[in-house]
Amino acid sequence: MTFQAVREVLIAEFQLLAQCDGIKQKFDEFVQDVGCEGVPAFYFNFKDSFYGEVEPLSASGHRTFPHLGFLATPLLPCGRFDDPVKKFTGSDNLGPANDSLTQAVHAFVHFAWAYSREQLLFCDMQGTFDRKKVMCLIDPQAHT
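All values reported here derive from a predicted model rather than from experimental measurement.

Draft legend 1. Layout of the sheet that holds strand β4 (residues 86–87). Spatial ordering of the open sheet is given by β1-β7-β6-β4, a layout of 4 strands whose pairing is mixed. On the outer flanks of this sheet lie β1 (42–44) and β4, each paired with one strand and no other. Bridging between β4 and strand β6 (residues 126–129) involves 2 bridges; their strand directions are antiparallel. Each residue of the ladder has a partner; that of K87, found in β6, is Q126. Against the sheet, helix α2 (residues 100–115) makes contact with β1, β4, β6 and β7 (135–138), and its axis sits at roughly 50 degrees relative to β1, the strand it touches most.

Draft legend 2. Quick peek at helix α1 (residues 3–33). In this model α1 runs 45 Å from its N-terminal to its C-terminal C-alpha over 31 residues, within 8% of the 45 Å that 1.5 Å per residue would give. Every buried residue of α1 is accounted for by V6, L10, L16, L17, C20, D21, I23, K24, F27 and V31. In the stretch just after α1, G35 is the one whose phi turns positive, near 75 degrees.

Draft legend 3. Here's a closer look at α2. The first and last C-alpha atoms of α2 sit 22 Å apart over 16 residues, in line with the 22 Å expected at 1.5 Å per residue. Those residues of α2 not exposed but buried are L101, T102, A104, V105, H106, F108, V109, F111 and A112. On its buried face, α2 sits against α1, β1, β4, β5 (121–123), β6 and β7. The opening residue of α2 is D99, an N-cap whose side-chain oxygen sits 3.1 Å from the backbone nitrogen of L101. Once α2 finishes, R117 follows within two positions and takes phi at roughly 55 degrees, a positive value.

Draft legend 4. Focus on the packing of aromatic side chains. Tallied over the full model, the rule gives 10 aromatic pairs. Ring centres 5.8 Å apart and planes at 5 degrees place the aromatic pair F108 and F122 in the stacked group. Taken together, the residues span a long stretch of sequence, with F108 in helix α2 and F122 in strand β5 at a distance of 14 residues. An angle of 15 degrees between the planes, with centres 5.6 Å apart, marks the rings of F111 and Y115 as stacked. Taken together, the residues F111 and Y115, both in helix α2 and 4 residues apart, mark about one turn of the helix. A residue is classified by how much of its surface remains accessible, and F111, at 13% relative accessible area, is buried. These aromatic residues form a ring-pair network of at least three members: F27, F30, F42, F44, F108, F111, Y115 and F122. Sitting above the plane of the F42 ring, K24 keeps its charged end 4.2 Å from the centroid.

Draft legend 5. Just unusual backbone geometry, in detail. The backbone of D48 shows a phi angle near 70 degrees, a positive value even though the residue is not glycine. Relative to the helices and strands, D48 is located in the loop between β1 and β2 (50–53). Non-glycine residue K133 carries a positive phi angle of around 70 degrees. You can see K133 is positioned in the loop between β6 and β7. The class of K133 is exposed, set by a relative accessible area of 56%.

Draft legend 6. How the structure looks around the side chain of D124. As for its placement among the helices and strands, D124 is situated in the loop between β5 and β6. Setting aside residues up to four positions removed in sequence, D124 forms contacts with K87, T89, G90, S91, D139, P140 and Q141.

Quick notes on the rules
- Sequence positions are assigned chain by chain, starting from 1 and proceeding in written order.
- Predicted model: local features are reported for residues with pLDDT of at least 70 only, side-chain atom pairs are reported and counted for 80 or more only, and whole-chain, interface and lining totals are derived from all residues.
- Only hydrogens and water are set aside; all other atoms, that is, all heavy atoms of the structure, feed into the side-chain values.
- Between any two strands, pairing holds if DSSP finds at least two bridges.
- In this text, helices come from DSSP runs of H or I with a minimum length of four residues, and strands from runs of E with a minimum of two, each type numbered from the N-terminal end.
- Residues count as neighbours in contact if any of their non-hydrogen atoms are within 4.5 Å of one another.
- Angles run from 0 to 180 degrees between N-to-C directions of axes, and those axes are lines fitted to C-alpha atoms, restricted for helices to the stretch in contact.
- Helix span, expected: 1.5 Å multiplied by one less than the number of residues in the helix.
- Burial classes follow relative accessibility: with a 1.4 Å probe on protein chains only, a residue under 20% of its type's maximum area counts as buried, one over 50% as exposed, and anything between as partly exposed.
- Under this definition, polar contacts are N or O atom pairs within 3.5 Å; protein pairs additionally need one hydrogen-donor-capable and one acceptor-capable atom, and for neighbouring residues in sequence, both atoms have to be side-chain atoms.
- Each Phe, Tyr or Trp ring (for Trp, its six-membered ring) is paired with any other whose centre lies within 6.5 Å, and the angle between the two planes then decides the class: stacked below 30 degrees, edge-to-face above 60, tilted in between.
- By the criterion adopted, a ring carries a charge over it if an Arg CZ or a Lys NZ lies within 6 Å of its centre and within 35 degrees of its normal.

See below:
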């Protein structure tokens, strides 16, 4: 991919993460306003994330990375003793909602669809527990 193509893809990913985070804040307000209790906490790995570009050293005469652009997000537990990534939805199906966390993520997806006036359908919802054991969703995708 060209530098510009990689840049566009990464910025689009960052913007989607920002949209998820913003709509999640509205979802949390809605849950509180209607007095729904017991909804498990989860969030998107957006806070303190950023898009950046590496400046190669001119003395090296070549790049050490395949691409100069990158998307940085806070590090989450990913060791062999940490919980694996949990998948809540696929790209084309919701899957079963057998626990309250999965039900909450599915409710968020439905809320986002309605909140966006049927313009955004978030999918491929997956995440891992942070150090405080709160679910952090990563790398969301969307049908538009």
